[in-house]
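# A structural walkthrough
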Amino acid sequence: MHICNRFMRGSRPLNLLILSNIISGFAQGISMLAVPWYFVSILKAPEQLTLMYMLMLVGSIPWGIYGGTLIDKYPRKKIFLLFTFIGGLILCSGAASGLFYPTGVPTYMVVIVFLGTCYYNGIYYPALYAFAQEVSDSSRYGKVNSLLEIQSQAITIVSGGVAALLIQGIDADAIHIGSLTIPIAVHIKPWSLSRIFLIDGITYFIAIALISLIKYTPHTEKHNEAGSVWERFNTGYGFLRTHKPIMLFGVASLSVFVFLLLHFNTLVPIFVVNHLHKTVIVYTFTDVYYASGALLAGVGIRRLFKGVNTVMAILILTCITWVTLTICALSTSVLIYFAFTFILGLTNAGTRILRITYLFHHVPNNLIGRVNSVLFMMGTLCRIGLAMLFSLSFFSQDDNVVWALLICALYLLANFILVAVDYKRLLGRYPDPEIKRA
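Note that the structure is a prediction, hence the values are computed from the model and not measured.

### Let's talk about the overall build of the protein
Within the protein one finds 17 helices and four strands. For the protein, the residues scored as buried account for 56% of the 438 residues in total. For the protein, restricting intrachain contacts to residue pairs at least 6 apart in sequence, the fraction spanning at least 24 positions comes to 83%. As displayed, the protein has an accessible area near 18300 Å², and 68% of this comes from carbon and sulfur atoms.

In structure tokens:
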């Protein structure tokens, strides 16, 4: 918390952006939990959920290419304002559509909201990290990334708990804590998707008001490049082509994150319903346990790996992920599932903090958007391949989702081996400045 307090006093532009992210991220977290559950539990159509996710992935490839060039060409504040407005408009439109249908928000509108939110995040978060690099001194990169992770996961913990109440509702006359019974009447009716989307949309417009107050002086020099989108994108790819160890590291170190997105957006609802045979409470509290682990990583991952180079730290975290994933896949215990989810939060957030900090040190700010676009595009291709495989009806029948998790474990293992083989060459050409600052 000392890190957070000291940083909050020293960077008002990033503080305002973080505050706007807290407000809109809380409601967005509820929406993004409600949509997958809607497909699996309400529509009883897990295959449609996987296909919708695959559609999002296919569209994210050209979007990622274009988004990266936008992040590097235009002021990041304008990007935040424009896309937050578009995101709020999509959510409010989704909420309004529920007023004209007796059954609530139509399925096609749910898909539009889901895709719109995913594409919004696809440019918002890369721009957020690019902005953090732009307004921060290089000596503070690790602390800044830790702070971003802390606030993000704190939101997820709260939104996950609230989502459990709003999606299912609660009707209780007392709260039981062990042998203690507290006679408090709690009656909350389940919220409709229309209502959830409306609240989410309103928070986006509150975020716009906060973002408009941002004023800052960049710590890095900005280069406005001419040329087409493809030419500017190729500049980012050209950087990676001449720094192949960074390209390999950037893609392979994304493996935990690639698995996480696929897992949470398609596999978790199926795993909870078909394999664990549990309700929405277990599903929504998945986010709470995940975020708790991620929050711990934000607070302590740099201390935990003090004196350990970034590449080795990421190898350790990737190894922990595929081992615990294998154990979870072969178990029907809810406690083991929650333990794995907590560990996944720690390993993914830890990997992300270390990875982004490492890239900040080795990629110029005027290229960071395009370089990240190339790396995420490669990660997206991996997600598309896995999503196409898991869209087969076999994986949504009975408890066959276990096979999907085991395939993901093999994917993590393969990426672990790729980085391990290139370990010495990577560190030799690109030393880790954070070792000196830890």
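### Digging into the environment of Gln-28
Looking at the element boundaries, Gln-28 is found in helix 2 (residues 12-42). The class of Gln-28 is buried, set by a relative accessible area of 9%. Expressed as a C-alpha distance, the spacing of Gln-28 and Thr-203, which sit 175 residues apart in the sequence, is 8.7 Å. What Gln-28 contacts, discounting residues up to four positions off in sequence, is Thr-117, Tyr-120, Asn-121, Asp-200 and Tyr-204.

### Overview of the environment of Gly-104
When you line up the elements, Gly-104 lands in the loop between helix 4 (76-97) and helix 5 (107-135). Considering only alpha carbons, one finds Gly-104 and Leu-193, 89 residues apart in sequence, at a separation of 7.4 Å.

### A closer look at the packing of helix 13 (residues 334-362) against helix 14 (residues 365-390)
Helix 14 packs onto helix 13 with a crossing angle of 135° between their chain directions and a minimal axis gap of 11 Å. The orientation of helix 13 relative to helix 14 falls into the category oblique. Where helix 13 crosses over helix 14, the handedness of that crossing is right-handed. The residues of helix 14 that touch helix 13, namely those facing Arg-355, Leu-359 and Phe-360, are Ile-368, Asn-372 and Leu-375. Its residues placed into classes, the contact of helix 13 with helix 14 shows four nonpolar, one polar and one charged.

### With respect to the packing of aromatic side chains
The tally for this structure, following the rule as stated, stands at 13 aromatic pairs. When the ring of Tyr-289 is compared with that of Phe-338, the centres are 4.2 Å apart and the planes differ by 15°; the resulting orientation is stacked. Highlighted residues: Tyr-289 in helix 11 (residues 280-304) and Phe-338 in helix 13, separated in sequence by 49 residues. Judged by relative accessible area, which is 34%, Tyr-289 ranks as partly exposed. On the basis of relative accessible area, Phe-338 is assigned to the buried category, the value being 11%. Ring pairing ties together the aromatic residues Phe-80, Tyr-120, Tyr-124 and Tyr-204, which thus form one cluster.

### What to know about helix 13
If you check helix 13, its first and last C-alpha atoms are 42 Å apart, about what 29 residues at 1.5 Å a residue would give, namely 42 Å. Within helix 13, 22 of the 29 residues are buried, which leaves the element mostly enclosed by the surrounding structure. At the N-terminal end of helix 13, a side-chain oxygen is found 3.2 Å from the backbone nitrogen of Leu-335, two or three residues along, and the residue is Ser-333.

### Quick notes on unusual backbone geometry
A positive phi angle is found at His-277, which is not glycine, with a value near 55°. Mapping His-277 onto the fold places it in the loop between helix 10 (255-275) and helix 11. In this structure, Asp-398 takes a positive phi of about 45° despite not being glycine. On the secondary structure map, Asp-398 appears in the loop between helix 14 and helix 15 (401-421). Asp-398 gets classed as exposed once you look at its relative accessible area, which sits at 63%.

### With respect to the side chain of Ser-194
In this structure, Ser-194 sits in helix 7 (residues 193-211). The exposure class assigned to Ser-194 is buried, which follows from its relative accessible area of 15%. A polar contact of 2.6 Å, which involves the side chain of Ser-194, links it to the backbone oxygen of Ala-95. Leaving out residues up to four positions away in the same chain, Ser-194 has contacts with Ala-95, Gly-98 and Val-105.

### Quick look at a nonpolar patch on the surface
On the surface, Leu-82, Phe-85, Ile-86, Leu-89 and Phe-205 cluster together to form a nonpolar patch covering roughly 430 Å² of accessible area. Broken down by element, the nonpolar patch gets its largest block of residues, four residues, from helix 4.

### With respect to the confidence of the model for the protein
Of the residues in the protein, 82% reach a pLDDT of 70 or more, and the chain-wide mean stands at 79. Long-range and interchain partners of residues 1-10, a stretch whose pLDDT sits below 50, account for twelve contacts in this model, where long-range means more than four residues apart.

### What about the nonpolar core?
Of all hydrophobic cores here, the largest spans 126 residues; its most connected members are Leu-14, Leu-17 and Tyr-337. Element by element, the count of residues in this core is highest for helix 5, at 16 residues.

### Comments concerning helix 2
Taking 1.5 Å per residue as the helical rise, helix 2 with its 31 residues ought to reach 45 Å, and the 44 Å between its terminal C-alpha atoms agrees with that figure. Counting buried positions along helix 2 yields 24 of 31 residues, so the element is predominantly enclosed. Of the residues flanking the end of helix 2, it is Lys-44, one or two places downstream, whose phi is positive at about 55°.

### Some words on the packing of helix 10 against helix 15
Contact geometry of helix 10 with helix 15 gives a least axis separation of 10 Å together with a crossing angle of 165°. Taken together, the axes of helix 10 and helix 15 lie roughly antiparallel to each other. Remark: the crossing between helix 10 and helix 15 carries left-handed chirality. Contacts from Ser-255, Val-256, Val-258, Phe-259, Leu-262, His-263, Leu-267, Ile-270, Phe-271 and His-275 of helix 10 reach helix 15 at Val-401, Val-402, Ala-404, Leu-405, Cys-408, Tyr-411, Leu-412 and Asn-415. Tallied by class, residues from the contact of helix 10 with helix 15 come to 14 nonpolar, four polar and no charged.

Rules used throughout
Residues numbered from 1 in each chain as written. Predicted model: local features only at pLDDT ≥ 70, side-chain atom pairs only at ≥ 80, totals over all residues. Heavy atoms only, no water. Helix = DSSP H or I, 4+ residues; strand = E, 2+ residues; numbered from the N terminus. Buried < 20%, exposed > 50% of the residue type's maximum accessible area, 1.4 Å probe, protein only. Contact = heavy atoms within 4.5 Å. Areas by Shrake-Rupley, 256 points an atom, 1.4 Å probe, with all protein chains shown as cover. Axes fitted to C-alpha atoms, helices over the stretch in contact; angles between N-to-C directions. Parallel < 35°, antiparallel > 145°, perpendicular 65-115°, else oblique. Left-handed = near helix turned anticlockwise from the far one by under 90°. Nonpolar A, V, L, I, M, F, W, Y, C, P; charged D, E, K, R; others polar. Phe/Tyr/Trp six-rings, centres within 6.5 Å; stacked < 30°, edge-to-face > 60°. Expected span 1.5 Å × (residues − 1). Polar contact = N/O pair within 3.5 Å; in protein donor to acceptor, adjacent residues only side chain to side chain. Patch = residues over 30% accessible without salt bridge, like charges linked within 9 Å, V, L, I, M, F, W, Y side chains within 5 Å. Salt bridge = Lys/Arg side-chain N within 4 Å of Asp/Glu carboxyl O. pLDDT = per-residue confidence, 0-100. Core = buried A, V, L, I, M, F, W, Y, C linked by side-chain atoms within 4.5 Å.

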